[in-house]
Amino acid sequence: MSQTTLLTREPVVNKNRAITANRIIAHGPSIASVVEALSAQAEVWPSHHPVFVSVGRLVPTPELMNWAVPDNAAIEIPAQTLAHPQTQALMARLQEAGVGMCLTWFAPGTALPAGVDWRFVLMDGRRNPTPGGAPGLSLAWGLSDLGAFRQAVGAGYDGASGWFFLHGNAPAKALSPGHAQIVRLLNLVRSNGEIRDIEAVLKQDVALSYKLLRYINSAGFGLMCEIQSFRHAVSILGYDALNKWLSLLLVTASRDPSAPAMMQTAIARGRFMEEVGAGYFDAGERDNLFITGAFSLLHVLLGTSMQSLLDEMNLPANVSEALLYGQGEFAPFLQLAQACESFDGSGLAKAAQALHLPYERINRAQLVGLGFADSLQA
């Protein structure tokens, strides 16, 4: 039976814009189809943060208990369904099983059942400028940009959920010396430069060398031995793999307060594109798919224009075309990755149909990408 439920996601951040949880929104025709889709992802379920699970526009019912709820998952209960007998029955079952619940779409004056511990409370920040009466940690949703987030936090919200941090950032400027150094390194690796020249650049920045080796030795890379030096890394991995990891280093170089959330987004896009594009491209091109997704927010992360960034870098045409013009063979996969970041699943369904991709494959690739991105920031 082919799956009929698609998953989309959004991050949850605290007042300091650090990621504290992830939201997974299931878009399916029934609770049974949602259970099937969630159950299929047990092997790749992201474990580094709590995960809030929404059943979208469906009424949460006890049928959801057919899913073996992971330890870090909490079920979202929309305020509009609190009086529904099926939701009440589910809440009793969740409490009995020790599964956490989040109250969503709460508004001041909502009648609440007694004896429920709402750890997090999601409110529409556009309709509720202040979180008055929230029975738990209040999260603003629907914020348009960073300015709206600052306003919400100033009004008493404990954090927010959504993609506001991608908008309202500082205007473009020139690359910082640290970022320019990584770009120089990337260009040397891409052009198969001499190892001694690459090592010379790395020796100028000890922190850079340390971070690169930390990434290469992380669990996400899956190596059987520890890499001790850049020369060792070249002999074990080759230039293509190092190119990918230097690209990752560039994505994680920003010190902006919103950087952790943006980094998670960019790296999750890259890993998703690499995973979902596996049946379409060979191994070398899959690395370029990763770089396309990872670099898709580089201009926001580094506070410069995409054009000036690409002018500095020696990137393949299919990467540049996707990033600059939304064209070429990688562009549909980037659009698919971006569609995973919508609260509404219709755009993702349309993009999936255009690429003839089964929902299960998209769901899996998305959770693999999210888990990978989180593991690098743990």
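None of the values given here were measured: they were computed from a predicted structure.

What counts, and at which threshold
- Residues numbered from 1 in each chain as written.
- Predicted model: local features only at pLDDT ≥ 70, side-chain atom pairs only at ≥ 80, totals over all residues.
- Heavy atoms only, no water.
- Helix = DSSP H or I, 4+ residues; strand = E, 2+ residues; numbered from the N terminus.
- Buried < 20%, exposed > 50% of the residue type's maximum accessible area, 1.4 Å probe, protein only.
- pLDDT = per-residue confidence, 0-100.
- Pairing = 2+ DSSP bridges.
- Salt bridge = Lys/Arg side-chain N within 4 Å of Asp/Glu carboxyl O.
- Core = buried A, V, L, I, M, F, W, Y, C linked by side-chain atoms within 4.5 Å.
- Contact = heavy atoms within 4.5 Å.
- Right-handed = clockwise from strand over helix to strand, strands pointing away.
- Phe/Tyr/Trp six-rings, centres within 6.5 Å; stacked < 30°, edge-to-face > 60°.
- Axes fitted to C-alpha atoms, helices over the stretch in contact; angles between N-to-C directions.
- Parallel < 35°, antiparallel > 145°, perpendicular 65-115°, else oblique.
- Left-handed = near helix turned anticlockwise from the far one by under 90°.
- Nonpolar A, V, L, I, M, F, W, Y, C, P; charged D, E, K, R; others polar.

**Side note on unusual backbone geometry**
With a phi angle near 60°, Trp105 is a residue other than glycine that sits in the positive phi range. By the secondary structure assignment, Trp105 is in the loop between β5 (100–104) and β6 (118–124). Positive phi values are uncommon outside glycine, yet His356 reaches one of about 55°. Along the chain, His356 turns up in the loop between α15 (346–355) and α16 (359–377). According to the relative accessible area criterion, His356 is exposed, its value standing at 71%.

**So, the confidence of the model for the protein chain**
Per-residue pLDDT for the protein chain has a mean of 87; in total, 94% of the residues score no lower than 70. The least confident element of the protein chain, judged by mean pLDDT, is helix α6 (residues 206–216) at 71; the most confident is strand β3 (residues 51–54) at 98.

**Observations regarding the pairing of strand β2 (residues 19–27)**
Of all nine residues in β2, eight are buried, a share of seventy percent or more. Sheet analysis places strand β1 (residues 6–14) next to β2, joined by eight bridges and oriented antiparallel. Among the inter-strand pairings, Leu7 is bridged to a residue of β2, identified as Ala26. Two successive antiparallel strands, β1 and β2, enclose a turn made up of four residues, where Arg17 displays a positive phi of approximately 70°. Where β2 meets β3, four bridges bridge the pair, whose relative direction is parallel.

**Considerations on the pattern of salt bridges**
Under the counting rule described, the total for this entry stands at nine salt bridges. Of the charged contacts, one joins Glu10 and Arg23 as a salt bridge, the two residues approaching to 2.8 Å between their closest N and O atoms. Here Glu10, found in strand β1, pairs with Arg23, found in strand β2; they are 13 residues apart in sequence, far enough to count as distant. We classify Arg23 as buried; its relative accessible area is 1%. One continuous salt-bridge network, built from bridges that share partners, spans Arg9, Arg269 and Glu341.

**Structural notes on the nonpolar core**
By size, the foremost hydrophobic cluster in this structure holds 124 residues, and its most contacted members are Phe295 and Leu336. If we skip the residues at most four places from it in the chain, Phe295 touches Leu186, Ser247, Leu250, Val251, Met306, Met313, Leu315 and Leu323. Judged by nonpolar contacts, the second largest core, of nine residues, contains Ala21, Ala74, Phe120 and Trp141.

**Quick notes on the pairing of β5**
For β5, a buried count of four out of five residues is recorded, marking the element as mostly surrounded by other parts of the structure. Note that strand β4 (residues 73–78) and β5 share five bridges and pair parallel. Within the sheet, the bridge partner assigned to Pro78 lies in β5 and is Thr104. Following the backbone out of β4, through helix α2 (residues 85–97) and into the adjacent parallel β5, one traces a crossover that is right-handed. Of the pairings in the sheet, the one linking β5 to β6 comprises four bridges and is parallel in character. Bridge pairing in β6 links Leu103 to Val121.

**Overview of the packing of aromatic side chains**
In the structure shown here, the tally under the stated rule is twelve aromatic pairs. Taking 4.5 Å as the distance between ring centres and 10° as the angle between the ring planes, the aromatic pair formed by Phe149 and Phe164 counts as stacked. One end of the pair, Phe149, is in helix α3 (residues 146–154); the other, Phe164, is in the loop between β8 (159–161) and α4 (177–190), with 15 residues separating them in the sequence. Take Phe149: its relative accessible area is 3%, and that puts it in the buried class. Look at Phe164 and you get buried, because its relative accessible area is 2%. When the centroid spacing of 6.3 Å and the interplanar angle of 80° are considered together, the rings of Phe290 and Phe372 count as edge-to-face. Pair noted here: Phe290 is in helix α10 (residues 283–295) and Phe372 is in helix α16, with a separation of 82 residues, a long-range link. Assessed through its relative accessible area of 0%, Phe290 is described here as buried.

**Topic: the packing of helix α5 (residues 195–203) against helix α7 (residues 230–237)**
The N-to-C vectors of α5 and α7 enclose an angle of 135°; their axes lie 10 Å apart at closest approach. In terms of orientation, α5 lies oblique with respect to α7. The chirality of how α5 crosses α7 is right-handed. Side by side, α5 and α7 meet where Ile195, Arg196, Ile198, Glu199 and Leu202 of the first sit next to Phe230, Arg231 and Val234 of the second. Residue classes in the contact of α5 with α7 are distributed as five nonpolar, no polar and three charged.

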